[in-house]
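Close look at the chain arrangement
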Amino acid sequence: LATLGVVLVAAGRGERLGASVPKAFVELRGRTLVEFGIAVVTSLPHRGHLVVVVPEDRAAQTLDLVDRILPAETGWDVSVVPGGRTRNESVRFGVDALPGAIDTVLVHDAARPFASAELFERVIAEVRASGDAVVPAQPVIDTIKRVAPGGLVTETVDRGDLVAVQTPQGFPRELLAAAQAAPDDAEHAPPTDDAELVQRAGGRVRVVAGELRAHKLTGPADLVLLEHVLAAKLL
Ligand code: CTP
Ligand code: MG
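Thresholds applied
Residues numbered from 1 in each chain as written. Chains lettered and ligands numbered in written order. Predicted model: local features only at pLDDT ≥ 70, side-chain atom pairs only at ≥ 80, totals over all residues. Helix = DSSP H or I, 4+ residues; strand = E, 2+ residues; numbered from the N terminus. Rg over C-alpha atoms; globule rule 2.2 N^0.38 Å. Contact = placed C-beta atoms within 7 Å. UniProt positions renumbered as here; feature names shortened; annotations may be inferred. Buried ≥ 20, exposed ≤ 12 C-beta atoms within 10 Å, placed from the backbone. Arc of directions from axis to C-beta. Near = placed C-beta within 6 Å. Nonpolar A, V, L, I, M, F, W, Y, C, P; charged D, E, K, R; others polar.

A separate point is the overall build of the chain. When you go through the chain residue by residue, the secondary structure sums to seven helices and twelve strands. The C-alpha radius of gyration computed for the chain amounts to 18 Å, which stays within 12% of the reference 18 Å derived for 235 residues, consistent with globular compactness. Seen along its three principal axes, the alpha-carbon backbone of the chain occupies a region of about 55 × 40 × 30 Å. Partitioning the contacts of the chain with sequence separation of at least 6, the portion at a separation of at least 24 is 72%.

Before going further, it helps to examine unusual backbone geometry. With an omega of 10°, the peptide bond running from threonine 167 to proline 168 counts as cis. Structurally, proline 168 can be placed in the loop between β10 (163-165) and β11 (169-172). Positive phi is not limited to glycine here, since arginine 29 has a value of about 50°. Mapped onto the elements of the fold, arginine 29 is located in the loop between β2 (27-28) and β3 (31-32).

UniProt feature "site: Transition state stabilizer" (unreviewed entry): in the numbering of this structure it lies at Arg16 and Lys23. You can see arginine 16 is positioned in the loop between β1 (4-9) and β2. Apart from residues no more than four positions distant in its own chain, arginine 16 is found in contact with Thr218 and Gly219. Looking at where lysine 23 falls in the secondary structure, it is placed in the loop between β1 and β2. Of the residues examined, lysine 23 has 26 C-beta atoms within 10 Å and is grouped as buried. Once residues within four sequence positions are removed from consideration, lysine 23 is found in contact with Gly12, Gly14, Leu17, Leu33, Ala111 and Leu217.

Glancing now at helix α3 (residues 87-96). Because an α-helix packs 3.6 residues into every turn, residues spaced three or four apart end up facing the same way. For α3, the full list of buried residues reads Arg87, Ser90, Val91, Gly94 and Val95. Looking straight down α3, one finds its buried side chains confined to an arc of 135°; they lie on one side. If you follow the buried residues of α3, they end up packed against β1, β4 (48-54), β5 (76-82), β6 (104-109) and α5 (173-181).

The subject of this paragraph is the site of ligand 1. Around ligand 1, a shell composed of 22 residues is seen, among which Val9, Ala11, Gly12, Arg16 and Ser90 lie nearest. Counted by class, the shell around ligand 1 contains seven nonpolar, seven polar and eight charged residues.

Pasting the structure below:
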């Protein structure tokens with residue numbers, strides 16, 4: 001039976017946010033970011049395996065959390081594994097912890113706590129229909145300029161075909177595994193998302209519509225923004 005694998009990466013330190021705890025363990029109205037992520041995934045009406053990747057010293061707390069919030073009737077198994085030094089390494093550890101019978105893998109940032117079940121479903125459906133990697137994307141609204149190191153603008157970039165991408169990003173399992181097994185590309189900077197690995201390996205990546213509520217919590221202003229989203233019940 002085809003089942004889903006989801007890797008929820010929550011092992012970052014949250015340096016830009018600068019809170020006293022790692023970002024995924026910051027609370028919004030009494031619930032940690034990682035709790036929102038676990039809750040949305042385990043509410044999906046699929047069979048699957050969720051791997052939550054956390055800082056090593058947060059593993060016990062995360063297992064307790066899973067015990068507390070896992071719905072009684074769920075098709076989901078959950079495991080918790082320690083993260084790596086970089087996001088890419090954490091994703092790799094998470095994917096390595098997935099069991100055998102999985103056809104589709106999703107990678108999601110705990111830092112996007114309000115990504116909706118509908119967004120997950122859109123990504124899953126498109127992966128299964130297309131056989132390609134799939135990323136949620138939103139049009140770029142601001143004017144985009146290229147700037148030289150001294151601060152002088154060199155160019156306005158045509159944004160007509162530019163998008164900003166979010167998570168969850170979805171992959172046929174074999175496609176992601178092959179991309180992760182490809183040798184590191186020393187010529188380019190490390191990939192900043194998972195789909196980039198597939199692109200570098202020559203695989204196809206396509207977009208589905210992203211959503212405002214999947215906004216990533218990066219700095220203090222994002223915390224204020226997400227608090228308001230929650231308070232206003234914009235969810
Ligand atoms: N992440 C991870 N392991 C790492 C680094 C990041 O699992 N070594 C996760 C974060 O927990 C987050 C997601 O990757 O859910 C996106 O990363 P980012 O927003 O950069 O979070 P942090 O790395 O925690 O923040 P910062 O870069 O400000 O330290
Ligand atoms: Mg980071």
